[in-house]
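Okay, here's what each chain looks like letter by letter:
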Amino acid sequence: MIYKILEVGPLGANCIIAWDEGTKKGIVADPGDEPDRIRELIKTEQLQISHIVCTHAHFDHIGAVSDLKAETGAVIAVHEAEMEIYDGARDQAALWGYELADLPKPDLLLKDGDNITSGGITFKIIHTPGHSPGGICLYGQGIVITGDTLFAGSIGRADFYGGDSALIMESLRKLAALPGSTVVLPGHGPATNMAREIKTNVFYQELRLK
Ligand SMILES: [Zn+2]
Ligand SMILES: [Zn+2]
């Protein structure tokens, strides 16, 4: 698997494009904005995008979903518990002063434990609520895409609509079961790995994991 991270939009969200080297099939996680840059990468690498996966539906992570859907025809996948946030994303964006295109309906509603396969790569869906009700992480090929659940040295806010600070701690505990070598690709900021976060992230220290 190959992956590339594009930091997009005014809030600097990480859009992650991951693909199977052999078949050139792949997924786009969190196309937050700047569809032209995402499109260019897809073209340059001659990728066939099968899925557009939203770790959650805050507007900074889904701003380019409409454009990408129109261009690739890929399946839009969102956790079933995130639909209220997804449907309200345009209003949320407007509150922040941004204009969002009409969002196409998701083609696939995800649940914990589902798999998304694209060519020779597969990601397991881990439901990680707390930052938002239908927040998910995508785990596979030695990486985990964590959206706004886990950042290098920090975690996502739990005080937005639908957030829950106890739930995000349980979600962190769930992620701790992944191998320590797992590379963490967060929704904002630099990459890290599970072992480092469990050792140094103050929120993991709160959980007192051994
Ligand atoms: Zn968010
Ligand atoms: Zn975000």
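In short, a report on the structure.

1. Describing the overall build of the protein chain
- Looking only at helices and strands, the protein chain has eight helices and 14 strands in total.
- For a compact globule of 210 residues, the expected C-alpha radius of gyration is about 17 Å, and the protein chain comes in at 16 Å, within 12% of that figure.
- Overall size of the protein chain, expressed as C-alpha extent along the three principal axes, is 45 × 40 × 30 Å.
- Counted over contacts in the protein chain with a minimum sequence separation of 6, partners at least 24 positions apart contribute 61%.
- If you sum the accessible surface of the protein chain, you get close to 9,300 Å²; carbon and sulfur atoms cover 51% of it.

2. Some points on helix α1 (residues 35-44)
- Within the sequence span of α1, burial applies to Pro35, Ile38, Leu41 and Ile42. One side of α1 holds all its buried residues, which, seen down the axis, span an arc of 130°. Exposed residues pointing more than 90 degrees away from the buried face of α1 are listed as Asp36, Glu40, Lys43 and Thr44.
- Positioned one or two residues after α1, Gln46 has a phi angle of 55°, which is positive.

3. Quick notes on the nonpolar core
- Ile17, Val28, Ile38, Ile62, Val65 and Tyr86 are the most contacted members of the largest nonpolar core, which has 29 residues in total.
- Counting 16 residues, the second largest nonpolar core, distinct from the first, contains Ile16, Ala29, Ile121 and Leu185.

4. Digging into empty space enclosed by the protein
- Throughout the structure, instances matching the rule amount to one cavity of 30 Å³ or more.
- Its volume calculated, the largest cavity comes out at about 30 Å³.
- The wall of the largest cavity is formed by Thr55, His56, His131, Ser132, Gly135, Ile136, Thr146, Gly147, Asp148 and Thr149.
- Taken together, the residues that form the lining of the largest cavity break down as one nonpolar, eight polar and one charged.

Analysis parameters
- Residues numbered from 1 in each chain as written.
- Chains lettered and ligands numbered in written order.
- Predicted model: local features only at pLDDT ≥ 70, side-chain atom pairs only at ≥ 80, totals over all residues.
- Heavy atoms only, no water.
- Helix = DSSP H or I, 4+ residues; strand = E, 2+ residues; numbered from the N terminus.
- Rg over C-alpha atoms; globule rule 2.2 N^0.38 Å.
- Contact = heavy atoms within 4.5 Å.
- Areas by Shrake-Rupley, 256 points an atom, 1.4 Å probe, with all protein chains shown as cover.
- Buried < 20%, exposed > 50% of the residue type's maximum accessible area, 1.4 Å probe, protein only.
- Arc of directions from axis to C-beta.
- Core = buried A, V, L, I, M, F, W, Y, C linked by side-chain atoms within 4.5 Å.
- 1 Å grid on protein atoms, 1.4 Å probe; cavity = no way out; pocket = protein on both sides within 12 Å on 5 of 7 lines; lining within 4 Å.
- Points joined across faces, edges and corners; volume = space filled by probe spheres on them.
- Nonpolar A, V, L, I, M, F, W, Y, C, P; charged D, E, K, R; others polar.

By themselves, these figures tell us nothing about what the structure is for.
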